[in-house]
Amino acid sequence: MSFGETPITVVGNLTADPEIKFTEGGAALAKFTIAATPRVFDRDSSQWKDGSSTFFRCSAWRQLAEHVGDSLAKGSRVVAHGRIRQHNWQTPQGEARSMLAMEVDEIGASLLFTTVTVQGKRSNGPASSGSDPWNTGSNRPKEGEAPPF
């Protein structure tokens, strides 16, 4: 995330299956909408009710987009983190239009109401290369000794 961008985290449900497209260069793009609906307590009826939903139009790129398409579907409850982007355009009649959308950097299933099984392993970085920067190897302290850091 660059300086000056507006970060946002949204918790909600997908309103439809993600739409996956590919650019001419082969980059995957996932488009989807997250509905965030607060629960409010109605004192008159002494019951919880749905508040007004806010709909966030979202996009994810490249490998994340492919994972979204393979993993999520309509109704999936997710936690998404990213940044707000403003899109400006003109209608065929010359009227200026704009909308806010969320460019997703991270997304995962919410575990509040369900369980999931994570498959696969990280494909890049220290964990997959076998070089664990936190591994003290033979320097591991014996029971009762202080760690070497």
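Refer to the structure printed above.
Residues numbered from 1 in each chain as written. Predicted model: local features only at pLDDT ≥ 70, side-chain atom pairs only at ≥ 80, totals over all residues. Heavy atoms only, no water.

## Overview of the overall build of the protein chain
Of the regular secondary structure elements, the protein chain holds 2 helices and 8 strands. Across the protein chain, helices and strands are ordered from the amino to the carboxyl terminus as β-β-β-β-β-β-α-β-β-α. The buried share of the protein chain, taken over its 149 residues, is 22%. At a minimum sequence separation of 6, the contacts of the protein chain that also span at least 24 residues come to 57%. Approximately 11300 Å² of the protein chain is accessible, and the part contributed by carbon and sulfur atoms is 50%. (Helix = DSSP H or I, 4+ residues; strand = E, 2+ residues; numbered from the N terminus. Buried < 20%, exposed > 50% of the residue type's maximum accessible area, 1.4 Å probe, protein only. Contact = heavy atoms within 4.5 Å. Areas by Shrake-Rupley, 256 points an atom, 1.4 Å probe, with all protein chains shown as cover.)

## Observations regarding the layout of surface pockets
Any empty space left between the atoms is revealed when a probe the size of a water molecule rolls over them. A volume near 180 Å³ is recorded for the second largest pocket. Lining the second largest pocket are Lys 31, Arg 57, Cys 58, Ser 59, Trp 61, Arg 85, His 87, Met 99, Ala 101, Met 102 and Glu 103. If you list the elements that add at least two residues to the lining of the second largest pocket, you get strand 6 (54–61), strand 7 (77–90) and strand 8 (96–109). For the lining of the second largest pocket, the per-class residue count stands at 5 nonpolar, 2 polar and 4 charged. (1 Å grid on protein atoms, 1.4 Å probe; cavity = no way out; pocket = protein on both sides within 12 Å on 5 of 7 lines; lining within 4 Å. Points joined across faces, edges and corners; volume = space filled by probe spheres on them. Nonpolar A, V, L, I, M, F, W, Y, C, P; charged D, E, K, R; others polar.)

## Section: the nonpolar core
Val 10, Phe 32, Ile 34, Cys 58, Met 102, Val 104 and Ile 107 are the most contacted members of the largest nonpolar core, which has 19 residues in total. When contributions to this core are tallied by element, the ones reaching two or more residues are strand 1 (7–14), strand 3 (28–36), strand 6, helix 1 (62–71), strand 7 and strand 8. (Core = buried A, V, L, I, M, F, W, Y, C linked by side-chain atoms within 4.5 Å.)

## Quick notes on the pattern of salt bridges
Using the criterion set out here, one finds 8 salt bridges in the structure. Here Asp 105 makes a salt bridge to Arg 83, at a shortest N to O gap of 2.5 Å. You can see Asp 105 sitting in strand 8 and its partner Arg 83 sitting in strand 7, a full 22 residues away along the chain. Here Asp 105 falls in the partly exposed class, since its relative accessible area comes to 27%. For Arg 83, a relative accessible area of 12% translates into the label buried. Where salt bridges share partners, they join Glu 5, Arg 83, Arg 85, Glu 103 and Asp 105 into one cluster. (Salt bridge = Lys/Arg side-chain N within 4 Å of Asp/Glu carboxyl O.)

All quantities given are derived from atomic positions and should not be read as evidence of function.
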